[in-house]
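Structure at a glance
Chain by chain, the residues run as shown.
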Amino acid sequence: MTKVAVVFAPGCEEVEGLTVIDVLRRLGIETKMVGLESKEVMGAHNIKLTCDEVLGDQLLDYDLVAFPGGMGGSQHLRDNEKLQQLMVQRNKEGKWDAAMCAAPIALAHYGLLDNHDYTCFPGINEQIQEEVPTARFHEDITVVDKDAKILTSRGPATALAYAFKIAEVLGTDTKQIKKDMLYDYLTQNI
């Protein structure tokens, strides 16, 4: 069975993480909320999140690990040495990872965006380019770098697209859920 972990750090963008949890669980994908430092995490907008588990070596067992953004949360993700070690190991093992909004700064800091395609919140790309000049920024809603097995997205409004793309890279058909959640209606009427 496919397993996904979403890592929540203090100051995270709540909607970006919870959208992934919601969509993937609707699709029947086992999805866990993982607290970076504890099970209770305060988001950027003072929403208290209660996670299923706390960060540990179990992160190596997931098929995909996703990061929500939020500048405070992203900085916590970037600066956590244990998380960095686990993410580098996951990358060596050829497992999928995803980050959106400001969170690609963590992947850049870990050395995972070197010579790879990504997207992020406008302006964050300038920070990433300073740290990883070979990373290739794109303005698309979501960017999938199949060689690196890294998926990235832009910001709060792209959270549904991010969640659907995560399901798709893991081999799940999203046609019906996009219809059921009126995502198709939204994209056709913007």
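Everything in this summary refers to the structure shown in the same document. (Residues numbered from 1 in each chain as written. Predicted model: local features only at pLDDT ≥ 70, side-chain atom pairs only at ≥ 80, totals over all residues. Heavy atoms only, no water.)

**Notes on the overall build of the protein**
- Counting its secondary structure elements, the protein contains eight helices and eleven strands.
- Dimensions of the protein, computed from C-alpha atoms along their principal axes, come out at roughly 40 × 35 × 35 Å.
- Here the protein holds 190 residues, and 51% of them are scored as buried.
- Per element, the accessible surface of the protein, about 8700 Å² overall, is 47% carbon and sulfur.
- A distance of 6 Å separates the average location of the 19 positive side-chain charges in the protein from that of its 29 negative side-chain charges. (Helix = DSSP H or I, 4+ residues; strand = E, 2+ residues; numbered from the N terminus. Buried < 20%, exposed > 50% of the residue type's maximum accessible area, 1.4 Å probe, protein only. Areas by Shrake-Rupley, 256 points an atom, 1.4 Å probe, with all protein chains shown as cover. Lys, Arg positive; Asp, Glu negative; His and termini not counted. Charge placed at Lys NZ, Arg CZ, Asp CG, Glu CD.)

**A word on the pattern of salt bridges**
- Tallied over the entire structure, the rule returns ten salt bridges.
- In this structure, D97 engages R90 in a salt bridge whose closest nitrogen and oxygen atoms are separated by 2.8 Å. Judged on exposure class, the residue D97 and its partner R90 are both buried.
- Across the pair E168 and K165 runs a salt bridge, and its minimum N-O distance is 3.5 Å. With E168 and K165 both in helix 6 (residues 159-169), this residue pair falls three residues apart, about one helical turn.
- Salt bridges sharing partners connect three or more residues here, namely K165, E168 and K178. (Salt bridge = Lys/Arg side-chain N within 4 Å of Asp/Glu carboxyl O.)

**Topic: the packing of aromatic side chains**
- This structure, assessed with the given rule, holds two aromatic pairs.
- Considering the side-chain rings of F164 and Y183, the 4.8 Å spacing of their centres and the 70° angle between planes classify their relative orientation as edge-to-face. Taken as a pair, F164 in helix 6 and Y183 in helix 8 (residues 183-188) lie far apart in primary sequence, 19 residues in all. Grouping residues by exposure puts F164 and Y183 together as buried.
- Sitting above the plane of the Y62 ring, K3 keeps its charged end 5.0 Å from the centroid. (Phe/Tyr/Trp six-rings, centres within 6.5 Å; stacked < 30°, edge-to-face > 60°. Lys NZ or Arg CZ within 6 Å of the ring centre and 35° of its normal.)

**Brief notes about the packing of helix 1 (residues 14-26) against helix 6**
- Interhelical geometry of helix 1 versus helix 6 gives an angle of 45° and a closest axis separation of 9 Å. With respect to their mutual orientation, helix 1 and helix 6 come out oblique. As helix 1 runs across helix 6, the sense of the crossing is right-handed. Residues V15, E16, T19, V20, V23 and L24 of helix 1 touch helix 6, and the partners they reach there are A159, L160, Y162, A163, F164, I166 and A167. (Axes fitted to C-alpha atoms, helices over the stretch in contact; angles between N-to-C directions. Parallel < 35°, antiparallel > 145°, perpendicular 65-115°, else oblique. Left-handed = near helix turned anticlockwise from the far one by under 90°. Contact = heavy atoms within 4.5 Å.)

**Digging into the nonpolar core**
- Of all hydrophobic cores here, the largest spans 32 residues; its most connected members are L59, F67 and L77.
- A total of four residues in this core trace back to one element, the largest contributor, which is helix 4 (residues 104-109).
- Once residues within four sequence positions are removed from consideration, L59 is found in contact with A5, V7, V34, V65, L83, L86, M87 and R90.
- Counting residues in each nonpolar core, the second largest holds 30 residues, with M33, L64, I177 and Y183 among its members. (Core = buried A, V, L, I, M, F, W, Y, C linked by side-chain atoms within 4.5 Å.)

**Details of the side chain of T152**
- Looking at the secondary structure, you find T152 in strand 11 (residues 150-153).
- Not counting chain neighbours up to four residues away, the residues in contact with T152 comprise A99, P104, Y118, T119, I141, T142 and V143.

**So, the environment of A167**
- Of note, A167 is situated in helix 6.
- Look at A167 and you get buried, because its relative accessible area is 0%.
- Residues in contact with A167, not counting those within four places in the same chain, are L24, L27, I29, T172 and T174.

**Overview of the sheet that holds strand 1 (residues 3-8)**
- Reading across the sheet, the seven strands line up as 5-2-1-6-7-11-10 and stay open at both edges, with mixed pairing between neighbours. At either end of the open sheet lies a strand with only one pairing partner, and these are strand 5 (53-54) and strand 10 (142-145).
- As defined by bridge partners, strand 1 adjoins strand 2 (residues 30-35) across six bridges and the pair is classed as parallel. Directly across from V7, in strand 2, lies its bridge partner V34.
- Together, strand 1, strand 2 and strand 7 (96-100) form the strand contacts of helix 1, whose direction differs from that of strand 2 by roughly 155°.
- Against the sheet, helix 6 makes contact with strand 6 (64-67), strand 7, strand 10 and strand 11, and its axis sits at roughly 175° relative to strand 7, the strand it touches most. (Pairing = 2+ DSSP bridges.)

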